[in-house]
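Next come the chains, spelled out residue by residue.
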Amino acid sequence: MNMSYKTIELIGTIGVYIFAFVFGATIGSFLNVCIYRLPKGESLVKRNSHCMTCGAEIKRYDLIPILSWILLKGRCRNCGEPISPRYMIVESLTALCFLGVFIKFDVTFGGFVYPILLCLFIASVIVVGFEDFDTQEMSLSVLAVMSLFAFAEVAYLNFFANIYVTDFSGVTLSDSIWGMFIISVPLLLIGFVITPIFHTFLISEDHAALRKLRRRIKHDTLSENEKSKIQSLITEISERIKSNGPVFGMGMGDIVLMAAAGLLLGIKAIIVSFMIGAILAALYAVSVIIRRRRNPDFEMKSFAFGPYLCIGIVTAVFFGNAIANLYLSGLGIN
Ligand SMILES: [Zn+2]
């Protein structure tokens, strides 16, 4: 039987898609380990996986990404207690993202380097997103690795492969460099300059009290006794302010995240990802207000901006430039 060129091409394409999905699910399984262990400072390789309830070691044949969770109906084989669907969700999410990358970026012309680097970048975004959601912090090591992937991708695209990979919607080197700063620098200013100033002069009662005391101590009419009383109060409040630490509206993690993603995505798509993140965070805030109105005892879990930015970034990897162009052409700007 003679297979036509079309058939061979189709089989090849399906093979690549299956590879992408399985590769993604496997990496996703490792990402679960990172998300769970990195914030605790535990080793990523040392211990085998254990059931959170009974502590039984999970057998190798029960560690197949996505499938094992479904086959075991989300329960531990040993004790029957539920296993968090989070593991399956992270694996499926990673698998779908990897598949999406290989569908969007044609390996026939561009080769595997570009899509694989992009997949690994997305994988590190998934890790910091979940970490931030759980602990309000992102691992520096993952942020560093993510920046490295973004840098390698941009270098590859601009210096080695700009003839082959023509699909990243015309993101030039200057687009990438602008993208690195366009969101991260304003976030840096908001987080480390504007918010602390605002806090110091308008919000903090300690700062207000301190200013009052410093004005009073200058009065000549005070006795030595009163002066030393005020001085000890000033010392006490200053110590308290110091021990509370600096006030950051925005975590350093969010800023590094937006710089690395901006370098990779370019100016248009990083703006889109920030807008998506801001809209989602605002929707979450509205939902908190509504829930609090219904139930006055409702307590908000501490809020992190990072997860919403991560959703925005992953969305923008696929649709960022398309959304930006749609938005601009809707406004009549080309
Ligand atoms: Zn168990």
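Calculation criteria
Residue positions are given per chain, counting from 1 as you read along its sequence in written order. Per-residue local features are limited, in this predicted model, to residues with pLDDT of at least 70; the limit for side-chain atom pairs, both in listing and counting, is 80 or more; totals at the level of whole chains, interfaces and linings are taken over all residues. Computation of side-chain values covers all heavy atoms of the structure but excludes hydrogens and water. Strands here are runs of E lasting at least two residues and helices are runs of H or I lasting at least four, both read from the DSSP assignment and numbered beginning at the N terminus. The size measure is the radius of gyration over C-alpha atoms, and the globule rule it meets is 2.2 Å times the number of residues to the 0.38 power. Whether two residues are in contact is decided by their heavy atoms, any of which lying within 4.5 Å being enough. Positive: Lys, Arg. Negative: Asp, Glu. His and the chain ends are not part of the count. Charge placement uses NZ in Lys and CZ in Arg. For Asp and Glu, CG and CD serve respectively. To define a nonpolar core, start from buried Ala, Val, Leu, Ile, Met, Phe, Trp, Tyr and Cys residues and group those joined through side-chain atoms within 4.5 Å. Partly exposed residues are those whose accessible area sits between 20% and 50% of the maximum for their type, while under 20% is buried and over 50% is exposed, using a 1.4 Å probe and protein chains only. Bear in mind that the domain bounds are from an automatic or database domain assignment. Coordinating donors are taken to be N, O and S atoms lying within 2.8 Å of the metal, or within 3.2 Å when the metal is Na, K or Ca; because water is excluded from the atom set, some sites may appear incomplete. Key to geometry: four donors with every angle between 85 and 135 degrees are tetrahedral; four donors are square planar and six octahedral where opposite donors lie over 155 degrees apart and all remaining angles lie between 65 and 115; all other sites are irregular. What gets called buried area is simply the loss in accessible area from a 1.4 Å probe that two parts show on being joined, summed for both. Any carboxyl oxygen of Asp or Glu that lies within 4 Å of a side-chain nitrogen of Lys or Arg is treated as forming a salt bridge with it. Under this definition, polar contacts are N or O atom pairs within 3.5 Å; protein pairs additionally need one hydrogen-donor-capable and one acceptor-capable atom, and for neighbouring residues in sequence, both atoms have to be side-chain atoms. A helix is expected to reach a length of 1.5 Å times the quantity of its residues less one. Think of it this way: the bend at a residue is just the angle between two axes, each fitted to seven residues, one set ending at that residue and the other starting at it.

What follows covers the overall build of the chain. Across its full length, the chain carries 13 helices and zero strands. In the chain, the succession of helices and strands from N to C terminus is α-α-α-α-α-α-α-α-α-α-α-α-α. Its C-alpha radius of gyration of 26 Å places the chain more than 25% over the 20 Å reference for a compact globule of 334 residues. Judged by the C-alpha coordinates and their principal axes, the chain covers about 110 × 60 × 40 Å. Expressed as a percentage of contacts within the chain between residues at least 6 apart in sequence, the contacts between residues at least 24 apart total 71%. Mean positive and mean negative side-chain charge positions of the chain (28 and 24 charges, respectively) differ by 4 Å.

It is worth spelling out the nonpolar core at this point. Judged by nonpolar contacts, the single largest core of 54 residues is most densely connected at Phe121, Ile122, Val128, Met146, Leu257, Leu265 and Ile313. Counting residues per element, this core draws most heavily on helix H5 (residues 113-135), at 11 residues. Mapped onto the domain boundaries, this core takes at least three residues apiece from domain 1 (1-104) and domain 2 (111-187 + 249-334). Excluding anything up to four places from it in sequence, leucine 257 contacts Val128, Met138, Leu143, Met146, Gly306, Leu309, Cys310 and Ile313. Ranked by size, the runner-up nonpolar core spans eight residues in total, among them Leu210, Leu213, Ile217 and Leu222.

Here we take up the coordination of the zinc ion. Within the protein, the zinc ion binds to Cys51 (SG), Cys54 (SG), Cys76 (SG) and Cys79 (SG); these donor distances fall in the range 2.3 Å. The coordination sphere of the zinc ion comprises four donor atoms, whose angles at the metal cover 105 to 118 degrees; the geometry is tetrahedral. Each donor residue of the zinc ion belongs to the same chain, with the gaps between them written as C-x2-C-x21-C-x2-C. Placement of cysteine 54 in the loop between helix H1 (5-37) and helix H2 (67-71) and of cysteine 76 in the loop between H2 and helix H3 (86-104) is noted, with a sequence separation of 22 residues between them.

Quick look at the domain arrangement of the chain now. You can read the domains of the chain as domain 1 (1-104), domain 2 (111-187 + 249-334) and domain 3 (189-244). Centre-to-centre separation of domain 1 and domain 2, based on C-alpha positions: 24 Å. Contacts between the two partners involve 18 residues from domain 1 and, on the opposite side, 20 residues from domain 2. The junction of domain 1 with domain 2 conceals about 1800 Å² of combined surface from both sides, 83% of it contributed by carbon and sulfur atoms. Looking only at domain 1, the three residues that lose the most surface to domain 2 are Ile35, Val101 and Lys104, adding up to 31% of its buried area. Summed over the shared surface of domain 1 and domain 2, the result is one salt bridge. At the junction of domain 1 and domain 2, the tally comes to two residue pairs in polar contact (both at pLDDT 80 or more). Breaking the side of domain 1 that touches domain 2 down by element, the ones donating at least two residues are H1 and H3. For the side of domain 1 that touches domain 2, the element with the highest residue contribution is H3, accounting for 10 residues.

Attention shifts here to helix H8 (residues 184-203). Taking 1.5 Å of rise per residue, the 20 residues of H8 would be expected to cover 28 Å, yet its terminal C-alpha atoms sit only 25 Å apart, more than 12% below that figure. The sharpest bend along H8 comes to roughly 35 degrees, located at isoleucine 190. Of the residues making up H8, those classed as buried are Ser184, Leu187, Gly191 and Pro196. Contacts made by the buried residues of H8 are with helix H7 (173-182), helix H11 (252-265) and helix H12 (267-294).

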